[in-house]
Amino acid sequence: MISYNTKDWFTFIFHFHKSDTVRKLFPVMLAIGIYAAIIGYLEVEYFKVGKNDYIHNIPIMHGMLGFVISLLLVFRTNTAYDRWWEGRKLWGGLVNNSRNLAIKLSAMLKDENDRKFFRKFIPVYASILHKHLHDSETSKQLFDDVDLEIDHHKHKPNQVKKMMFHKINDLYDAKKITGEQLIILNEELQSFTDICGACERIKNTPIPYSYSAFIKKFIFFYIMTLPFGYSISLGYFVAPVVVFIFYVLASLELIAEEIEDPFGDDENDLPTKKISENIKKHVEELI
């Protein structure tokens, strides 16, 4: 995740990094600029379209559709950000639950071997969950007619959770913890699986295809028709204007695509590896 000063305006404006949308969109922006310039040339120089021609009224359509496309993009970005923020809250919950479990076990357990077991496996759960969510196959588990390698192996986070629960149950059988303490610890362990399931829901349930495809098609046809209506009034300046409008609309869609999966490898995705390392450090301090 990119670290930055939220109050440093000039850095935002003049600094470009590899995840900047300008870099990703530049080839398309160049093509659209050439396309808009050609349309402008044909209308102004070749066909001699005047202000009394019907084609001059096309901006009326763009004005009406502009409101619609703005609503769609606002909903798109808000939905993507909600997924990103929910992922952050889930991993924040994993941090707190790991700490709480470690604190309770540090008070209940007297045997060093038992403490050593949980000192190792509580952080291992976070580390395994990080790797599980970064596996590209995890995002495809709900797809039909797809044979994934991950489906032929055991669910690793569940296996770690199973080992910890069996260990706690053995401690109860050995009278090292009471029944009340078993219930208390069970609540913390159950939250691990709840967090894992919620993260998998975000990972393997993308925005519906029809919705995402419609927005992209809408942006494309909206941009492609802009030069026809504005070439008469803007002349050759229609090219940079259309390119700028495309940059704004397409950038919003790209940003939404990037953050809707917060467990990927993009620069703006959640630093789950760093969070799991912090969990390891905190647990080792407590037990």
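A. Spotlight on the side chain of Ser-231. Assignment of secondary structure puts Ser-231 in helix H7 (residues 209–234). At 2.4 Å, the side chain of Ser-231 forms a polar contact with the backbone oxygen of Pro-227.

B. Quick peek at the packing of helix H3 (residues 58–108) against helix H4 (residues 112–134). Where H3 contacts H4, the axes come no closer than 10 Å and their chain directions differ by 170°. Considering their axes alone, H3 and H4 lie roughly antiparallel with respect to each other. Contacts between H3 and H4 involve Trp-91, Leu-94, Ser-98, Leu-101, Ala-102, Leu-105 and Ser-106 from the first element and Arg-115, Phe-118, Ile-122, Tyr-125, Ala-126, Leu-129, His-130 and Leu-133 from the second. For the contact of H3 with H4, the residue count by class is 11 nonpolar, three polar and one charged.

C. Spotlight on the environment of Ile-58. Positionally, Ile-58 belongs in helix H3. It is 8.3 Å that separates the C-alpha atoms of Ile-58 and Thr-225, two residues lying 167 residues apart in sequence. Ignoring any residue separated from it by four or fewer positions in sequence, one finds Ile-58 in contact with Thr-225, Phe-228 and Gly-229.

D. Highlighting the pattern of salt bridges. Taken as a whole and judged by the stated rule, the model has 12 salt bridges. The salt bridge involving Glu-258 is made with Lys-24; its shortest N-O contact spans 3.8 Å. Placement of the pair is Glu-258 in helix H8 (residues 238–259) and Lys-24 in helix H2 (residues 21–46), with a sequence separation of 234 residues. The exposure class assigned to Glu-258 is buried, which follows from its relative accessible area of 9%. The closest approach of N and O atoms between Lys-216 and Glu-257, which form a salt bridge, is 2.7 Å.

The rules we used
- Residues numbered from 1 in each chain as written.
- Predicted model: local features only at pLDDT ≥ 70, side-chain atom pairs only at ≥ 80, totals over all residues.
- Heavy atoms only, no water.
- Helix = DSSP H or I, 4+ residues; strand = E, 2+ residues; numbered from the N terminus.
- Polar contact = N/O pair within 3.5 Å; in protein donor to acceptor, adjacent residues only side chain to side chain.
- Axes fitted to C-alpha atoms, helices over the stretch in contact; angles between N-to-C directions.
- Parallel < 35°, antiparallel > 145°, perpendicular 65-115°, else oblique.
- Contact = heavy atoms within 4.5 Å.
- Nonpolar A, V, L, I, M, F, W, Y, C, P; charged D, E, K, R; others polar.
- Salt bridge = Lys/Arg side-chain N within 4 Å of Asp/Glu carboxyl O.
- Buried < 20%, exposed > 50% of the residue type's maximum accessible area, 1.4 Å probe, protein only.

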